[in-house]
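Chain by chain, the residues:
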Amino acid sequence: MIRYEDVHKSFGPNRVLRGLTLDVPRGESMVIIGGSGTGKSVALKCVLGLVEPDAGTILVDGRPAAEGDREAFLARFGMLFQGGALFDSLPVWQNVAFRLMRGALKRPRADAREIAIEKLRRVGLTPEVADRFPAELSGGMQKRVGLARAIAADPAIIFFDEPTTGLDPIMAGVINDLIREIVVEMGATAVTITHDMTSVRAIADRVAMLHGGIIRWTGPVAEMDTSGDPYLDQFIHGRAEGPIAAVR
Amino acid sequence: MTRLLGGIGAQVLAVLAAVGRVAIFAAVTLRHLVTPPFYGREFLGALLNIGWLSLPVVGLTAVFTGGALALQIYAGGSRFDAEAVVPQIVAIGMVRELGPVLVGLMIAARVTSSIAAEIATMKVTEQIDALVTLSTHPMKYLTVPRVLAGLVTVPLLVGVGDIIGIFGGYQVAVRSLGFNPATYLQNTVDFLEPLDVLSSLVKGAAFGVIATLMGCYSGMNSGRGAQGVGAATKSSVEAASVLILAANFLLTGVFFSA
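Residues numbered from 1 in each chain as written. Chains lettered and ligands numbered in written order. Predicted model: local features only at pLDDT ≥ 70, side-chain atom pairs only at ≥ 80, totals over all residues. Heavy atoms only, no water.

This part takes up the overall build of chain A. Looking only at helices and strands, chain A has eight helices and ten strands in total. Its C-alpha atoms give chain A a radius of gyration of 18 Å, near enough to 18 Å, the size a compact globule of 248 residues would have. Along the three orthogonal principal directions, the C-alpha set of chain A runs to about 55 × 40 × 35 Å. Contacts in chain A between residues far apart in sequence, at least 24 positions, make up 64% of those at least 6 positions apart. Of the roughly 10700 Å² that chain A leaves accessible, carbon and sulfur atoms contribute 50%. (Helix = DSSP H or I, 4+ residues; strand = E, 2+ residues; numbered from the N terminus. Rg over C-alpha atoms; globule rule 2.2 N^0.38 Å. Contact = heavy atoms within 4.5 Å. Areas by Shrake-Rupley, 256 points an atom, 1.4 Å probe, with all protein chains shown as cover.)

We now examine the UniProt feature "domain: ABC transporter" (unreviewed entry) in chain A. When the UniProt feature table is mapped onto this chain, "domain: ABC transporter" (unreviewed entry) is found at residues 2-237 of chain A. The span residues 2-237 of chain A is 33% helix and 26% strand, and its two end C-alpha atoms sit 29 Å from each other. (UniProt positions renumbered as here; feature names shortened; annotations may be inferred.)

A word on the UniProt feature "transmembrane region" (unreviewed entry) in chain B. Residue and element names in this part refer to chain B. Here, the residues flagged by UniProt with the feature "transmembrane region" (unreviewed entry) are residues 50-71, 147-170, 197-217 and 237-256. When the span residues 147-170 is considered, its composition is 100% helix and 0% strand, and the gap between its end C-alpha atoms is 34 Å. The span residues 197-217 is 100% helical and 0% strand by assignment, and the distance between its end C-alpha atoms comes to 30 Å.

Right, let's get into the packing of aromatic side chains. If you walk through the whole model with that rule in mind, you get eleven aromatic pairs over all chains. Here A:Phe73 and A:Phe77 contribute two aromatic rings whose centre-to-centre distance is 5.0 Å and whose plane-to-plane angle is 50°, an arrangement assigned as tilted. In terms of burial, A:Phe73 and A:Phe77 fall into one category: buried. Seen from their ring centres, A:Phe98 and B:Tyr141 are 5.4 Å apart, and the 70° between their planes marks the pair as edge-to-face. (Phe/Tyr/Trp six-rings, centres within 6.5 Å; stacked < 30°, edge-to-face > 60°. Buried < 20%, exposed > 50% of the residue type's maximum accessible area, 1.4 Å probe, protein only.)

On to the domain arrangement of chain B. Residues and elements named next belong to chain B. If you check the domain split of chain B, you get domain 1 (1-31) and domain 2 (42-256). With centres defined by C-alpha atoms, the gap from domain 1 to domain 2 works out at 27 Å. Interface area, domain 1 with domain 2, both sides summed: about 690 Å², of which 85% is carbon and sulfur. Summed over the three residues of domain 1 that lose the most area to domain 2, namely Val22, Phe25 and Thr29, the buried surface amounts to 76% of that side. Remark: the boundary between domain 1 and domain 2 carries zero salt bridges. Where domain 1 touches domain 2, the interface holds one residue pair in polar contact (both at pLDDT 80 or more). (Domains from an automatic or database assignment. Buried area = accessible area lost by both parts, 1.4 Å probe. Salt bridge = Lys/Arg side-chain N within 4 Å of Asp/Glu carboxyl O. Polar contact = N/O pair within 3.5 Å; in protein donor to acceptor, adjacent residues only side chain to side chain.)

Listed below in structure tokens is the structure:
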């Protein structure tokens, strides 16, 4: 469904992606792991057009991501940002229903609010939260609101950028379970980037290890522990010694 | 010597590049201004924030300036027995120059800084990226409503500021300097011409666009983190203030050079 073909991206002298090639099959949950600053977020943002690749091709359902009707293209995606990226000036329900109140998916305000409350309930938040502002919520609640916003328009593809960063282990577990349930329930294709190995085991069907701007290893999550790949082994066991330099 | 010239050349190129980027940003804003979709709710919010909520600061600035102007003209005019010109000079000074410029600078301080800080914070917290993923163009959603609101409300604020400034001068002249109220008002009305008022409103519109555009530009192009937000806010106010003063000079030349 999503195919990266030899994608390159540099920021000044920093070559972040050096020929990223990866297939994300339809309906699967792919988790991309890798150290900080290895280009995981850049890889996601290249698909959405937030970052323009220097070279290479990204195909979504066989069509180049950069071509065609942009609004229709983006309408197929939902994204949970690392920090939530909720709009401070809008109450929670308007954050969740943002896409449903504008553009091609616009519907009556009352309907949009009803859907927002239903999605909030789906992520374990009560309707009372709907009229609060993001600044009034805890980090875990903000993540859940971000998740509700990502699924509000029932997208075919959902991106999760570091979904458990900054959360306590219990809340991280709740978010992981929610992501897994929602992906299975919606039949969506999911791409998650994280370096939280608990999340990887909870969310992934397949895992891809990004290091040095390329995919070092990819395969089913069940084969991750027996891959024999020294980069992957070092990363998943959190060892300081190995082919990945501890100080980068 | 070569190094010095090279340094000067690099600075000149940097300034020209910045001017070019602002010009492109303005052109893109104009394009989005005339093509749908339009976000009415955001426009109304910007009208409220830029127009209505700026009224207190604009009113206070104008009333004190008008009062001080009356005192200064009276004191200066008394040196050559020209105290009687206070109403005329207060009126022309407020309407042609002080009203638009001071309102413009107050808007730069209050609105430009707030827009830059808000949009820069949205940028560093990925809210602008989130807008894009939600199929919403940031220029249409953030920039166009604010610039349009600046274009509409700042001339009105300038008009209000002119009136309040004249009122401040009137109060000082009548209460402290012994002017006859009716004569003062008659002299004010008789002396002002339609071109004075038109120039004031046109300057207000230009300053409104400059103030909001520079706030949006600096916010959208801010660096990372708290330092980036701070730098964007500072540079937006600096740029807007200088551009407002430069535009005032140019517009004064256009209206009154002959």
